[in-house]
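For reference, the chains in residue letters:
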Amino acid sequence: MTKLRPVPLTLSGCLQGARAMLPLMPGIAAFGMAFGAASVQKGFSFAEASLSSALVFAGLAQMVALEGWTQHWSAATLVALGFLTFTVNMRHVLMAAALRPWLGPLPAWQSYCALLLLADNNWAASLRYHAEGGDDAGYFVGSGFLTWVVWVLATMAGHIIGGGIPDPKAIGIDLVVPAFFVAMLLPNWKGRREAVGWGVAAAVSIAVSFVLPGWWFIVIGALAGAFAGGFTDDGR
């Protein structure tokens, strides 16, 4: 039976990962402030908004949940919101699986605790680091920890500032989220075949948003894009 090679997890690796994330932090901060400001409009207290970012640490899912938040809950609305956020975060299952060949040899308490820091930006950067020959798991931990700290602090700042903004959409705060994810998406462009899945997902999402209420356009658009991408990814 082949013995798995130990994976280092060092302080220097953590610092290297954190440094690699620095150029992305302004975007993370803007995203976090957008959530904090929007949470005020939904009646979240400073503590509730801060704990949401600290414990959930899933920007898009938090934004989606916030849009569906209501003061009058029923079993149906809870199930619908839970299903929607579950669908939005299903990508984390595949993201974590992609890290398995690298982080798998770590003790379970280290690998699973590290995955608490999983986010889109540090996942993409860490995979690139590992593909280029890097092996220190501290890179993933450091990049994720810095992202978490900035996200929580930005949420706090956004909540404080947002309390004085009557309508965040009036100054374009709602545009921060799509702008951030477009910026995250472009570095992963690998050729024209990528445009098929992305284009189908975008077109279907926009069309469904005019037909169905709520956030169903996210679910249906994601499924359509994944289905289309499945036929083009292998190049056949």
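Keep in mind the model is a prediction, meaning the values are calculated, not measured.

### Observations concerning the overall build of the protein
Moving on, step 1. Looking only at helices and strands, the protein features twelve helices and zero strands.
Moving on, step 2. Counting helices and strands in the order they occur from the N terminus, the protein gives α-α-α-α-α-α-α-α-α-α-α-α.
Moving on, step 3. Expressed as a percentage of its 236 residues, the buried residues of the protein come to 38%.
Moving on, step 4. Look at the contacts in the protein between residues 6 or more apart in sequence, and 79% of them connect residues 24 or more apart.
Moving on, step 5. For the protein, the computed accessible surface area is about 13500 Å², with 72% contributed by carbon and sulfur atoms.

### Brief notes about unusual backbone geometry
Moving on, step 1. Residues other than glycine seldom take positive phi values, yet Phe57 does so here, at roughly 50 degrees.
Moving on, step 2. Topologically, Phe57 is positioned in the loop between helix H3 (46-55) and helix H4 (59-67).

### A word on the packing of aromatic side chains
Moving on, step 1. Applying the stated criterion across every chain, the model contains seven aromatic pairs.
Moving on, step 2. Between Phe31 and Trp151 the ring centres are 5.2 Å apart and the planes differ by 80 degrees, which places this aromatic pair in the edge-to-face class. Taken together, the residues span a long stretch of sequence, with Phe31 in helix H2 (residues 25-41) and Trp151 in helix H9 (residues 138-162) at a distance of 120 residues.
Moving on, step 3. Relative accessible area serves as the criterion here: at 4%, Trp151 is assigned to the buried category.
Moving on, step 4. When the centroid spacing of 6.0 Å and the interplanar angle of 25 degrees are considered together, the rings of Phe145 and Trp148 count as stacked. With Phe145 and Trp148 both in helix H9 and three residues apart, this pair spans about one turn of that helix.
Moving on, step 5. The structure contains a cluster of three or more aromatic residues connected by ring pairs, namely Phe31, Phe35 and Trp151.

### So, the pattern of salt bridges
Moving on, step 1. Tallied over the entire structure, the rule returns one salt bridge.
Moving on, step 2. Between Asp120 and Arg91 there is a salt bridge; the shortest N-O distance is 2.8 Å. Here Asp120, found in helix H8 (residues 120-131), pairs with Arg91, found in helix H6 (residues 91-103); they are 29 residues apart in sequence, far enough to count as distant.
Moving on, step 3. Residue Arg91 is classed as partly exposed on the basis of its relative accessible area of 25%.

### Details of a nonpolar patch on the surface
Moving on, step 1. On the surface, a cluster of nonpolar side chains totalling about 1000 Å² of accessible area is made up of Phe83, Phe86, Met90, Val93, Ile206, Phe210, Val211, Leu212, Trp216 and Ile220.
Moving on, step 2. Elements supplying a minimum of two residues to the nonpolar patch: helix H5 (75-89), helix H11 (194-211) and helix H12 (216-232).
Moving on, step 3. Residue contributions to the nonpolar patch peak at three residues, all from H11.
Moving on, step 4. Assignment of secondary structure puts Phe86 in helix H5.

### Focus on H8
Moving on, step 1. Compared with an ideal rise of 1.5 Å per residue, which puts twelve residues at 16 Å, H8 spans 17 Å between its outermost C-alpha atoms and is within 8% of the ideal.
Moving on, step 2. For H8, the full list of buried residues reads Asn121, Asn122, Ala124, Ala125, Ser126 and Tyr129.
Moving on, step 3. In the stretch just after H8, Gly133 is the one whose phi turns positive, near 105 degrees.

### Let's talk about the environment of Thr155
Moving on, step 1. For Thr155, the location among the structural elements is in helix H9.
Moving on, step 2. Aside from chain neighbours lying at most four places away, what touches Thr155 is Gly32, Met33, Phe35, Gly36, Ala49, Ser50 and Ser53.
Moving on, step 3. At a separation of 2.7 Å, a polar atom in the side chain of Thr155 contacts the side chain of Ser53.

### Details of the nonpolar core
Moving on, step 1. Met25, Leu99, Trp102, Leu103, Phe140, Leu146 and Trp151 are the most contacted members of the largest nonpolar core, which totals 33 residues.
Moving on, step 2. At the level of secondary structure, the elements contributing two or more residues to this core comprise helix H1 (11-21), H2, H4, H6, H8 and H9.
Moving on, step 3. Here Met25 is in contact with Asn121, Leu146, Thr147 and Val150, once residues within four sequence places are set aside.
Moving on, step 4. If you look at the next biggest cluster of nonpolar residues, it comprises seven residues, including Ala58, Val88, Ile218 and Val219.

### Notes on the environment of Ala154
Moving on, step 1. Mapped onto the elements of the fold, Ala154 is located in helix H9.
Moving on, step 2. Once the C-alpha coordinates of Ala154 and Ile28 are considered, the two residues, 126 residues apart in sequence, prove to be 8.0 Å apart.
Moving on, step 3. With near-sequence residues (within four places) excluded, Ala154 lies in contact with Ala29, Gly32 and Met33.

About the cut-offs
- Residues numbered from 1 in each chain as written.
- Predicted model: local features only at pLDDT ≥ 70, side-chain atom pairs only at ≥ 80, totals over all residues.
- Heavy atoms only, no water.
- Helix = DSSP H or I, 4+ residues; strand = E, 2+ residues; numbered from the N terminus.
- Buried < 20%, exposed > 50% of the residue type's maximum accessible area, 1.4 Å probe, protein only.
- Contact = heavy atoms within 4.5 Å.
- Areas by Shrake-Rupley, 256 points an atom, 1.4 Å probe, with all protein chains shown as cover.
- Phe/Tyr/Trp six-rings, centres within 6.5 Å; stacked < 30°, edge-to-face > 60°.
- Salt bridge = Lys/Arg side-chain N within 4 Å of Asp/Glu carboxyl O.
- Patch = residues over 30% accessible without salt bridge, like charges linked within 9 Å, V, L, I, M, F, W, Y side chains within 5 Å.
- Expected span 1.5 Å × (residues − 1).
- Polar contact = N/O pair within 3.5 Å; in protein donor to acceptor, adjacent residues only side chain to side chain.
- Core = buried A, V, L, I, M, F, W, Y, C linked by side-chain atoms within 4.5 Å.

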